[in-house]
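Residue-level structural notes
These are the residues of each chain, in order.
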Amino acid sequence: MGVEITEKYKFPFDVRISVGDIGGPSAGLMFALGIIDKLTPMNLTGGKFIAGTGEIEASGKVDPIGGIQQKMIGARQAGATIFLTPASNCADAKGAVPAGLRLVSVSTLSQAVNDLEAIKAGQQVPSC
C-alpha cells in the first residue's frame, strides 16, 4: 500500500493560462512572474525583453531544468536581453551564453521579483 501526498490550493479567484503547446514544468517561474505582474501594480520588466526558465515549488524555490543551453539560444533569437536562470543551472549555462544575453541567477520567486525591480532601478543583481 502506498500513500501519495499532493499540495492543493483553493484561491479566491480563477487563474487560467492558455499555454498552447508547452509541456513540462520549466515555465513555472515565468508563469508565476506573469501572474504577479498582472495582479499587482508592478511592471516587472520595465519595458525590457526578459525571458527565463525554472521549475517552481510551492515554497517559491526555483529548481533547475534541462536544456538550458537551447532555451537561452531560443530566448536570444526571440529578442531577449536578460534571462532569469535557476542558480542550480549556472554551471551548465556558463560558456554557452549567446552574445547579447545577460544571465540573472535566481533561487526563489521572491528573489526574482526583487531582482527585476533592481534591474529596473539600474542596480546590480546576481549573475551566473
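Attention in this report is confined to the structure presented alongside it. The residue numbering used here restarts from 1 in each chain and proceeds along that chain's sequence as written. Per-residue local features are limited, in this predicted model, to residues with pLDDT of at least 70; the limit for side-chain atom pairs, both in listing and counting, is 80 or more; totals at the level of whole chains, interfaces and linings are taken over all residues. Heavy atoms throughout the structure, all of them, feed into the side-chain values; hydrogens and water do not.

1. What to know about the overall build of the protein chain
Our working rule: Only DSSP runs of H or I reaching four residues or more are called helices, and only runs of E reaching two or more are called strands; each is numbered from the N terminus. Accessible area is worked out with a 1.4 Å probe on protein chains only. A residue is then buried under 20% of its type maximum, exposed over 50%, and partly exposed in between. It only takes one pair of heavy atoms within 4.5 Å for two residues to be counted as in contact. Accessible areas in this description were obtained via Shrake-Rupley with a 1.4 Å probe; residue shielding takes into account the shown protein chains only. Lys and Arg are tallied as positive, Asp and Glu as negative. Neither His nor the chain termini are counted. Every charge is mapped to an atom, namely NZ of Lys, CZ of Arg, CG of Asp or CD of Glu.
A count of helical and extended segments in the protein chain gives four helices and five strands. Counting helices and strands in the order they occur from the N terminus, the protein chain gives α-β-β-β-α-β-α-β-α. Looking at the protein chain as a whole, 34% of its 128 residues qualify as buried. Once local pairs closer than 6 in sequence are excluded, the contacts in the protein chain between residues at least 24 apart make up 53%. Summed over all atoms, the accessible surface of the protein chain reaches about 8000 Å², with 54% contributed by carbon and sulfur. Put simply, the protein chain has 11 plus and 11 minus side-chain charges, and the middle of one group is 7 Å from the middle of the other.

2. With respect to the state of the cysteines
For clarity, the cut-off: Count a disulfide wherever a pair of cysteine sulfur atoms falls within 2.5 Å.
The tally for this structure, following the rule as stated, stands at one disulfide. Each sulfur of the disulfide joining Cys90 and Cys128 lies 2.0 Å from the other. Residues Cys90 and Cys128 are joined through a disulfide that is left-handed, its torsion about the S-S bond being -55°. Here Cys90, found in helix H3 (residues 90–93), pairs with Cys128, found in the segment after helix H4 (109–120); they are 38 residues apart in sequence, far enough to count as distant.

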